[in-house]
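Spelled out, the chains give:
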Amino acid sequence: MIPALCIILSFQLIGEVATRGLGLPLPGPVLGLMLLVISCSLRPSLAGLLRPVTTTILGNLSLFFVPAGVGVIAHLGEFRENGLAIALAVMVSTALAIAAGALVFKFVAKWTGEAEE
Amino acid sequence: MTDPALIWSYLSREPLLWLTATLIAYWLGDTFFRRMNRQSWANPVLAAVVILALLLWITGTSYQTYFEGAQFVHFMLGPATVALGMPLYDNLRRLRRAALPLIAALLAGSLTAVLSVLAIAHAFGLSEVLLASLAPKSTTAPVAIGIAEGLGGEPTITAVLVLLTGVFGAIIATPLLNALRIRDWRARGFSLGVAAHGIGTARAFQVNETAGAFAGIGMGLNAVLTSIIAPLALHLFQ
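Residues numbered from 1 in each chain as written. Chains lettered and ligands numbered in written order. Predicted model: local features only at pLDDT ≥ 70, side-chain atom pairs only at ≥ 80, totals over all residues. Heavy atoms only, no water.

Student: Just checking my understanding: could you explain the nonpolar core for this structure?
Tutor: A general tendency of soluble globular proteins is for nonpolar side chains to be buried together. Residues L50 of chain A together with Y66, L118 and F190 of chain B are the most contacted members of the largest nonpolar core, which totals 110 residues. Both domains that meet at this core, namely domain 1 (1-75) and domain 2 (83-238) of chain B, each give it at least three residues. If we ignore the near neighbours within four places in the chain, the residues touching L50 of chain A are A4, I7, I8, F11, L36 and C40 of chain A together with M86 of chain B. (Core = buried A, V, L, I, M, F, W, Y, C linked by side-chain atoms within 4.5 Å. Buried < 20%, exposed > 50% of the residue type's maximum accessible area, 1.4 Å probe, protein only. Domains from an automatic or database assignment. Contact = heavy atoms within 4.5 Å.)

Now the structure itself:
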């Protein structure tokens, strides 16, 4: 477990340092994510080493955003004031995004003659 | 016996109390979620947030004090984001096989998610902080929080918006995709993962294994793409 944690934290660390150092627009851990994919592709044995830990972490993923979620109590006023606008924006946009993604997938798959899976 | 006020003053200074409370609240929320047969509306995070918010309100505890204990859980968002690379790696072969439709659908879904939410919020005259907090709402929470921080949004607002997006997407996906007559499980799962991240992915897995795998791919790819397009899109509305 410790070697896997060391590697995961190092990917995040490199990501944080690189994005800050180079002024990249993406969050450090996202660069860490990309490093993980690239490293596992170059060295498939690494995936076997990391998998038990990533599975545990991802199995409890939702727990990790509870503290940030509780922070909403500091912004209840904002939600009360703009609740309808926020709710409409979130709901309409989510429905549109699902529809756009699915329709484009369907048409491009048909156009490239790709078989369904 | 020691004065209870002294014990309370100890507890309110140390991280132990609120760290424990966070885990118990999530445990309760997760138990409720399982009892409700994993219905999307019974989301464990939403339940845990409500329980903790009430607890803080009753005890008159500030969010700052709470966060001193909860920060250890919050910290795990970073490693969790890195760990999201693993399912992406595991699905690389499927990804390559459907590369063109996936790339096109990713661009369409991701751009629609970011641009439409900003356009609607802008039309309602919402503040710039709210716009920046809304922009990454379709991205998985750890990444969305990172993006919102970078854009000058309010990460705690983003966390709640991400949850609402996921819950709403999971509820609406099946009727919406049926109405659009999309039958390809890859298209159904992928678009849900792009638009409604982990909660959508969990929902996709309930319906169909292939849909679930493609939802996971969509969530992972969208995390990367949104961190690039959200700052550019926000620029258009400022």
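Student: Looking at this model, I keep getting lost on the interface of chain B and chain A. Mind explaining?
Tutor: A common measure of how large an interface is: the accessible area buried when the components associate. Counting residues at the interface gives 91 residues for chain B and 68 residues for chain A. Roughly 7000 Å² of surface becomes buried between chain B and chain A when both sides are summed, with 81% attributable to carbon and sulfur atoms. Together, V82, M86 and Y89 of chain B form the three largest contributors to the area buried by chain B at its contact with chain A, with a combined 10%. Linking chain B with chain A are one salt bridge. A salt bridge links R51 of chain A to D90 of chain B, with the shortest nitrogen-to-oxygen separation between them at 2.4 Å. Inspection of the chain B/chain A interface yields nine residue pairs in polar contact (both at pLDDT 80 or more). It is helix α11 (residues 155-179) of chain B that provides the largest number of residues to the side of chain B that touches chain A, a total of 14 residues. (Buried area = accessible area lost by both parts, 1.4 Å probe. Salt bridge = Lys/Arg side-chain N within 4 Å of Asp/Glu carboxyl O. Polar contact = N/O pair within 3.5 Å; in protein donor to acceptor, adjacent residues only side chain to side chain. Helix = DSSP H or I, 4+ residues; strand = E, 2+ residues; numbered from the N terminus.)

Student: What is the right way to look at the UniProt feature "transmembrane region" (unreviewed entry) in chain B in this model?
Tutor: In this numbering, the UniProt entry assigns the feature "transmembrane region" (unreviewed entry) to residues 16-33, 45-66, 72-89, 101-124, 157-177 and 213-237 of chain B. With 96% helix and 0% strand, residues 213-237 of chain B has its two end C-alpha atoms placed 34 Å apart. (UniProt positions renumbered as here; feature names shortened; annotations may be inferred.)

Student: Help me understand the UniProt feature "transmembrane region" (unreviewed entry) in chain A in this model?
Tutor: All names here are of chain A. Under the local residue numbering, the UniProt record ascribes the feature "transmembrane region" (unreviewed entry) to residues 57-77 and 83-105. Secondary structure across residues 57-77 divides into 48% helix and 0% strand, with the first and last C-alpha atoms of the span separated by 34 Å. With 100% helix and 0% strand, the stretch residues 83-105 has end C-alpha atoms that lie 33 Å from each other.

Student: Where do I start with the environment of L9 of chain A in this structure?
Tutor: Tracing the backbone shows L9 of chain A in helix α1 (residues 2-22). Expressed as a C-alpha distance, the spacing of L9 of chain A and G101 of chain A, which sit 92 residues apart in the sequence, is 33 Å. Every residue in contact with L9 of chain A, bar those within four places of it in the chain, is listed here: F75 and P79 of chain B.

Student: In this structure, what is going on with the pattern of salt bridges? I would like to understand it.
Tutor: Opposite charge on two side chains lets them pair, provided their charged atoms get close. All names here are of chain B. As enumerated under the stated definition, the model contains four salt bridges over all chains in all. Across the salt bridge formed by R34 and D30, the nearest N and O atoms sit 2.8 Å from each other. Residue R34 and its partner D30 are both found in helix α2 (residues 16-35); the two are separated by four residues, about one turn of the helix. The class for R34 is partly exposed, based on a relative accessible area of 47%. For D30, a relative accessible area of 15% translates into the label buried.

Student: How should the confidence of the model for chain A be read in this particular structure?
Tutor: Segments scoring low in pLDDT should not have their predicted coordinates read at a detailed level. Across chain A, pLDDT averages 90, with 97% of residues at or above 70. Per-element mean pLDDT across chain A ranges from 87 in helix α4 (residues 66-70) of chain A up to 95 in α1 of chain A. (pLDDT = per-residue confidence, 0-100.)

Student: Even after reading the chapter, I still don't get the domain arrangement of chain B, so can you show me in this structure?
Tutor: Residue and element names in this part refer to chain B. Considered domain by domain, chain B is made up of domain 1 (1-75) and domain 2 (83-238). The C-alpha centroid of domain 2 is placed 28 Å from the C-alpha centroid of domain 1. In this complex, domain 1 contributes eight residues to the contact, which on the side of domain 2 involves eight residues. Buried area between domain 1 and domain 2, summed over both chains or domains, comes out near 690 Å², and the portion from carbon and sulfur atoms is 73%. Together, S40, N43 and L46 form the three largest contributors to the area buried by domain 1 at its contact with domain 2, with a combined 56%. At the boundary of domain 1 with domain 2, the tally comes to zero salt bridges. Between the two partners, domain 1 and domain 2, sit zero residue pairs in polar contact (both at pLDDT 80 or more). Considering only residue class, the side of domain 1 that touches domain 2 consists of four nonpolar, three polar and one charged. (Nonpolar A, V, L, I, M, F, W, Y, C, P; charged D, E, K, R; others polar.)

Student: Could you clarify how one ought to interpret a nonpolar patch on the surface in this entry?
Tutor: A cluster of nonpolar side chains, contributed by L84, L88, V92 and L96 of chain A together with F124 of chain B, occupies part of the molecular surface with about 440 Å² of accessible area. Position of V92 of chain A among the secondary structure elements: in helix α5 (residues 76-111). What makes V92 of chain A partly exposed here is its relative accessible area of 34%. (Patch = residues over 30% accessible without salt bridge, like charges linked within 9 Å, V, L, I, M, F, W, Y side chains within 5 Å. Areas by Shrake-Rupley, 256 points an atom, 1.4 Å probe, with all protein chains shown as cover.)

Student: Please clarify how the packing of aromatic side chains should be interpreted in this entry.
Tutor: Centre-to-centre distance and the angle between the planes together describe a pair of aromatic rings. Using the criterion set out here, one finds five aromatic pairs over all chains in the structure. Between F105 of chain A and F190 of chain B, the aromatic rings sit 6.2 Å apart at their centres with planes inclined by 50 degrees, giving tilted as the arrangement. With F105 of chain A in helix α5 and F190 of chain B in helix α12 (residues 185-207), the pair connects residues from two separate chains. With a centroid separation of 5.9 Å and an interplanar angle of 70 degrees, the aromatic rings of W18 of chain B and Y66 of chain B are classed as edge-to-face. Remark: Y66 of chain B occurs in helix α4 (residues 63-75) and W18 of chain B occurs in helix α2; sequence separation between them is 48 residues. Y66 of chain B carries the same exposure label as W18 of chain B, and that label is buried. Taken together, the ring pairs connect W18, Y63, Y66 and F67 of chain B into an aromatic cluster. (Phe/Tyr/Trp six-rings, centres within 6.5 Å; stacked < 30°, edge-to-face > 60°.)

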